[in-house]
Amino acid sequence: MEPRNLTAISEFLLLGFSEEPAFQPLIFGLFLSMYLITVFGNLLIILTVSSDSHLHTPMYFFLANLSFVDICFTSTTVPKMLVNIQTQSKVITYEDCITQMYFFLLFAGLDNYILTVMAYDRFLAICHPLHYMVIMNPRLCGLLVLVSWIMSVLHSLLQTSVVLRLSFCTDLEIPHFFCEIKQVVQLACSDTFLNDIVMYFGAGLLGGGPLAGILYSYSKIVSSICGISSTQGKYKAFSTCASHLSVVSLFYCTSLGVYLSSAATQSSHSGATASVMYTVVTPMLNPFIYSLRNRDIKRALKKSFGKETMKGPIALGNNLT
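Residues numbered from 1 in each chain as written. Predicted model: local features only at pLDDT ≥ 70, side-chain atom pairs only at ≥ 80, totals over all residues. Heavy atoms only, no water.

So, the overall build of the chain
The line we're drawing: Every helix listed is a DSSP run of H or I at least four residues long, and every strand listed is a run of E at least two residues long, numbered separately from the N terminus. Here's how the labels work: a residue is buried when its accessible area is under 20% of the maximum for its type, exposed when over 50%, partly exposed in between, all with a 1.4 Å probe on protein chains only. Here, Shrake-Rupley sampling with a 1.4 Å probe gives the accessible areas, and only protein chains in the shown set may cover a residue.
Counting its secondary structure elements, the chain contains twelve helices and three strands. When the 321 residues of the chain are sorted by exposure, 47% land in the buried category. Accessible area of the chain: about 15,600 Å², with a carbon and sulfur share of 67%.

Shown next, in the form of structure tokens:
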């Protein structure tokens, strides 16, 4: 098969979940609902944190950033899929595919890094409470988020730049609902050794490094909690990181499960379906996890809707239920 020159490529085809026309309205309605819930829920978290002075603390600063990233993360894939279903088209241009790939990797990386920063924040709050406010000052918080952005931008640039060098064959069908980098690279006719090396490097940078940091932070947190004598004290200390631990578990378990299952099965559509868990479902559930388990957020929401008047300052980090 004769590979076409890169400049000759004008479009890819996104096969999505099912080619059956009868399922398209159901898929459209389901994903539109999840997308709207994701945007509304995370936007509500951002507005609540920014409007309530009691929530102007490092923990909620990082939470607002996570919500912003989750909105952007979902917006890189779902709207294009909805447009394609509505127009009954599977086409995505080469330029749009590369752009989608870039921003998907960017916000996926930011999700990883901000979750790691939030674990570090909980580590300091529980293991070094007396020095917490001194260490986690506004300058450090802003610097941690800035470094996360820089690392994610550089990683995304590296990944997409090595894709640009590839030549593709006449088969340009992507068995996914978005331009997932691994699927795109597999369509190439030219040598993909460098791409494979860069992807493995990126997996370690985005997965292994942050996950190791999170595991280390929580090992120290568990050790510190075990040293607390009272049962009530242990519960109170653990409750300060319960929401974050739930989000971390959901994100990493689903994303790792997707890639392990994709390695074990040859079904392309099953891989696309499984990836919905961390690309769409996890960002949608994050606001529910934090709002339902977080007393501060619930009080701030009630105050915003005029149901409750805040009474007194809220203690930092020790008020989750």
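That was the structure; now back to the text.
Details of the packing of aromatic side chains
This is how the line gets drawn: Any two of the Phe, Tyr and Trp rings considered here, Trp counted by its six-membered ring, make a pair once their centres fall within 6.5 Å; the pair's planes then place it as stacked at under 30 degrees, edge-to-face at over 60, or tilted in between.
According to the stated counting rule, one finds 14 aromatic pairs in the structure shown. Seen in terms of ring centroids, Phe-104 and Phe-178 are 4.6 Å apart; in terms of plane orientation they differ by 35°. Their pairing is tilted. One end of the pair, Phe-104, is in helix 4 (residues 94-127); the other, Phe-178, is in the loop between strand 3 (173-174) and helix 7 (181-186), and 74 residues separate them in sequence. Neither Phe-104 nor Phe-178 differs from the other in exposure class; each is buried. Aromatic side chains Phe-177 and Phe-178 sit 4.9 Å apart centroid to centroid with 75° between the ring planes, which places their arrangement in the edge-to-face category. Exposure remark for Phe-177: the relative accessible area of 1% places this residue in the buried category.

Examining the pairing of strand 1 (residues 11-14)
Looking along a regular strand, one sees side chains alternate from face to face of the sheet. Spelled out, the test is: Any two strands with at least two DSSP-identified bridges between them are counted as paired.
In strand 1, alternate side chains face the same way, and those of Phe-12 and Leu-14 are buried while those of Glu-11 and Leu-13 on the opposite face are not. Looking at chain direction, strand 1 and strand 2 (residues 91-93) are connected through three bridges and run antiparallel. For Glu-11, the partnering residue across the bridge sits in strand 2 and is Thr-93. Pairing analysis gives two bridges linking strand 1 to strand 3, with the strands arranged parallel. For Leu-13, the partnering residue across the bridge sits in strand 3 and is Glu-173.

A closer look at helix 4
Stated formally: Expected helix span is computed as 1.5 Å times (number of residues minus one).
In a regular helix each residue adds 1.5 Å, so 34 residues correspond to 50 Å; helix 4 covers 49 Å between its end C-alpha atoms and thus fits that length. Among the 34 residues that make up helix 4, 28 are buried, leaving the element largely enclosed by the rest of the structure.

A closer look at a nonpolar patch on the surface
To be explicit about the condition: Patch membership is restricted to residues that have no salt bridge and whose relative accessible area is over 30%. Joining uses 9 Å for like charges and 5 Å for the nonpolar side chains Val, Leu, Ile, Met, Phe, Trp and Tyr. Any carboxyl oxygen of Asp or Glu that lies within 4 Å of a side-chain nitrogen of Lys or Arg is treated as forming a salt bridge with it.
Together, Leu-143, Leu-146, Val-147, Ile-150, Met-151, Leu-154 and Leu-157 give the surface a local cluster of nonpolar side chains, amounting to about 600 Å² of exposed area. Note on placement: Leu-146 falls in helix 6 (residues 138-164).

A look at the packing of helix 1 (residues 24-51) against helix 2 (residues 58-75)
Our working definition: Under this scheme, a helix contributes an axis fitted over its contacting stretch, all axes are lines through C-alpha atoms, and angles between N-to-C directions fall in the 0 to 180 degree range. Here the angle decides the label: under 35 degrees means roughly parallel, over 145 means roughly antiparallel, 65 to 115 means roughly perpendicular, and every other value means oblique. The hand of a helix crossing depends on one turn: near helix anticlockwise from the far one by less than a right angle means left-handed, and clockwise means right-handed. Whether two residues are in contact is decided by their heavy atoms: any pair within 4.5 Å suffices. Side-chain classes are defined by residue name, with Ala, Val, Leu, Ile, Met, Phe, Trp, Tyr, Cys and Pro counting as nonpolar, Asp, Glu, Lys and Arg as charged, and the others, Gly among them, as polar.
Closest axis-to-axis distance for the helix 1/helix 2 pair is 9 Å, and the angle between their directions is 155°. Taken as axis vectors, helix 1 and helix 2 run roughly antiparallel relative to one another. With respect to the hand of their crossing, helix 1 and helix 2 are arranged in left-handed fashion. Mapping the contact onto sequence places Tyr-35, Thr-38, Val-39, Asn-42, Leu-43, Ile-45, Ile-46 and Val-49 in helix 1 and Tyr-60, Leu-63, Ala-64, Ser-67, Phe-68, Asp-70, Ile-71, Thr-74 and Ser-75 in helix 2. Across the contact of helix 1 with helix 2, the residue classes break down as eleven nonpolar, five polar and one charged.

Let's talk about a negative patch on the surface
Which entries qualify depends on this criterion: We count Lys and Arg on the positive side and Asp and Glu on the negative side, and we leave His and both chain ends out. To locate a charge, take NZ of a lysine, CZ of an arginine, CG of an aspartate or CD of a glutamate.
Taken together, the side chains of Glu-19, Glu-20, Asp-171 and Glu-173 present a region of like negative charge at the surface. For Glu-19, the location among the structural elements is in the loop between strand 1 and helix 1. With relative accessibility at 52%, the residue Glu-19 sits in the exposed group.

Points about the pattern of salt bridges
Taken as a whole and judged by the stated rule, the model has one salt bridge. Between Asp-121 and Arg-122 there is a salt bridge whose closest N-O contact spans 2.8 Å. Under the relative-accessibility criterion, Asp-121 is labelled buried at 1%. Arg-122 sits in the buried class, given a relative accessible area of 2%.

Concerning the sheet that holds strand 2
Read across the open sheet, the three strands follow the order 2-1-3; overall the sheet is mixed. Two strands close off the open sheet at either side, each with one partner strand: strand 2 and strand 3.

A closer look at the UniProt feature "transmembrane region" (unreviewed entry) in the chain
Which entries qualify depends on this criterion: UniProt positions are given in the numbering used here, feature names are shortened, and annotations may be inferred rather than shown by experiment.
With numbering matched to this structure, UniProt assigns "transmembrane region" (unreviewed entry) to residues 22-47, 59-78, 98-120, 140-158, 197-216, 237-260 and 272-292. Across residues 140-158, the secondary structure splits into 100% helix and 0% strand, with the terminal C-alpha atoms separated by 27 Å. The distance from the first to the last C-alpha atom of residues 197-216 is 27 Å, and the span holds 100% helix and 0% strand.

Here's the deal with the state of the cysteines
To keep it simple, the criterion reads: In this description, the term disulfide denotes a pair of cysteine sulfurs within 2.5 Å.
Throughout the structure, instances matching the rule amount to two disulfides. Disulfide partner of Cys-97: Cys-179, at an S-S distance of 2.1 Å. The sign of the S-S torsion, about -125°, decides the handedness of the disulfide formed by Cys-97 and Cys-179: left-handed. Here Cys-179 lies in the loop between strand 3 and helix 7 and Cys-97 lies in helix 4, a separation of 82 residues in the sequence.

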